[in-house]
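So the chains spell out like this:
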Amino acid sequence: MKFNTAKGQKYLLLIAHLGALITVIAWGSSFLSTKILMEDGGFTPVEMYVYRFAAAYLLLLAVTWKKMMANSWRDELTLALCGVCAGSLYFITENYALKLTTTGNVSLLASISPIFTTFLVALMFKQRIKAGVIIGSVVAFIGVGCIIFSHGASMELHPEGDLLALVAALCWAIYTVAIKPIIPNYTSLFITRKLFFYGVVTALPLLFLQQEPLHLRLLVDFSQPTYFLNFLFLVVMCSMGAYLVWNEAMKYLGPVTANNYLYMQPLVTMIAAYFVLGEEIYLLGYIGCVLIIGGLIISDKLKTGVSANKR
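Residues numbered from 1 in each chain as written. Predicted model: local features only at pLDDT ≥ 70, side-chain atom pairs only at ≥ 80, totals over all residues. Heavy atoms only, no water.

## Examining the overall build of the protein
Stage number 1. The number of helices and strands found in the protein is 12 helices and zero strands.
Stage number 2. Helices and strands appear in the protein in the N-to-C order α-α-α-α-α-α-α-α-α-α-α-α.
Stage number 3. Residues classed as buried in the protein amount to 51% of the 311 residues present.
Stage number 4. For the protein, the accessible area works out to roughly 15400 Å², and carbon and sulfur atoms hold 70% of it. (Helix = DSSP H or I, 4+ residues; strand = E, 2+ residues; numbered from the N terminus. Buried < 20%, exposed > 50% of the residue type's maximum accessible area, 1.4 Å probe, protein only. Areas by Shrake-Rupley, 256 points an atom, 1.4 Å probe, with all protein chains shown as cover.)

Dropping the structure here:
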């Protein structure tokens, strides 16, 4: 549906902002479900990625099977690149980073993704970055740091793990920029299904090479409802639903504005952990909340310079 009036366009933008917010809430909450399945259920990081996204892919395939290939090989290769960057490579580098460096380091360095996106958009599409975006990003990033380190964590240098965390952040930024030109040409259903396909296929070798036994029996029967409900949440809400809404939101917000919402993931995780796990929220966490929300408002409202979000 197209709107020709300014009021209609504002309505679409509002819906897009709401969609991005809902997506980040789902992704921020997914940490808790993943933690339950990995710590209590025994699933490995690679298993969690493959099982979760393979199930989401099959659900999407059931409703989008009529169109299997992109309109050109160039678009198909772009979708393959995006599937790797937003899927297997992103999740695997992040998971291995957690083994080589601190959780605080990984969380903080992964939050650099919106900054990478901003500069990649400016570089690839030859657009100037408005001052509000830079200022807002810095403020929000400081807010992320406040939340991450509010529980007493410290920033320690672990070069190998820190580098992998930065690679994960860069992978997501590459996906965001690479997908931008082809988003208008395909439905979000088709794009999301292709992302999941290439992500799962490229992760399968690591799944078969892992030393731990595959938890296929547990995956099939889900003898405990807790495992089934958490897995269902990850598949339907955090994978299929979230990626569909995210790709649709990027059509209207542009990659820079959409990715700035990623700063809210630590905030969502902190709030969810408070209600679900009973974890306390400290003063530094509240300060982080204010800075993140303030940074997002600054990025969107401070109109100086040329916007980097024109499509």
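Having put the structure on the table, let's press on.
## Some points on the packing of helix α6 (residues 131–148) against helix α12 (residues 283–301)
Stage number 1. It is the contact of α6 with α12, at a shortest axis distance of 7 Å, that shows an interaxial angle of 165 degrees. Taken together, the axes of α6 and α12 lie roughly antiparallel to each other. As α6 packs across α12, the resulting crossing turns out to be left-handed. Here Gly132, Val133, Ile135, Gly136, Ser137, Val139, Ala140, Ile142, Gly143, Val144, Cys146 and Ile147 of α6 come into contact with α12, specifically with Leu284, Gly285, Ile287, Gly288, Cys289, Leu291, Ile292, Gly295, Ile298 and Ser299.
Stage number 2. For the contact of α6 with α12, the class distribution of residues is 14 nonpolar, eight polar and no charged. (Axes fitted to C-alpha atoms, helices over the stretch in contact; angles between N-to-C directions. Parallel < 35°, antiparallel > 145°, perpendicular 65-115°, else oblique. Left-handed = near helix turned anticlockwise from the far one by under 90°. Contact = heavy atoms within 4.5 Å. Nonpolar A, V, L, I, M, F, W, Y, C, P; charged D, E, K, R; others polar.)

## Some remarks on a nonpolar patch on the surface
Stage number 1. Taken together, Trp65, Met68, Met69 and Trp73 make up a surface patch of nonpolar side chains, about 510 Å² in accessible area.
Stage number 2. When you line up the elements, Met69 lands in the loop between α2 (45–64) and α3 (73–100).
Stage number 3. The exposure class assigned to Met69 is partly exposed, which follows from its relative accessible area of 41%. (Patch = residues over 30% accessible without salt bridge, like charges linked within 9 Å, V, L, I, M, F, W, Y side chains within 5 Å. Salt bridge = Lys/Arg side-chain N within 4 Å of Asp/Glu carboxyl O.)

## Topic: the nonpolar core
Stage number 1. Among the nonpolar cores identified, the biggest contains 71 residues, and Trp172, Tyr175, Ile179 and Trp246 are the most heavily contacted of them.
Stage number 2. When residues of this core are assigned to their parent elements, the largest contribution, 14 residues, is made by helix α10 (residues 225–260).
Stage number 3. Apart from the residues within four sequence positions on either side, Ile179 is in contact with Leu79, Cys82, Ile191 and Met250.
Stage number 4. Core analysis: the second largest hydrophobic core is formed by six residues, Val121, Ala122, Ile129 and Val177 among them. (Core = buried A, V, L, I, M, F, W, Y, C linked by side-chain atoms within 4.5 Å.)

## Describing the pattern of salt bridges
Stage number 1. Evaluated as defined, the whole model comprises two salt bridges.
Stage number 2. Measuring nitrogen to oxygen at the nearest pair gives 2.6 Å for the salt bridge that ties Glu76 to Lys194. Highlighted residues: Glu76 in helix α3 and Lys194 in helix α8 (residues 188–209), separated in sequence by 118 residues.
Stage number 3. Residue Glu76 is classed as buried on the basis of its relative accessible area, which comes to 2%.
Stage number 4. Taking the relative accessible area as the measure of exposure, Lys194 reaches 5% and is therefore buried.
Stage number 5. One salt bridge in this structure joins Glu248 and Lys251, with 3.4 Å as the shortest N-O distance. With Glu248 and Lys251 both in helix α10 and three residues apart, the pair spans about one turn of that helix.
Stage number 6. By relative accessible area, Lys251 is classed as buried at 18%.

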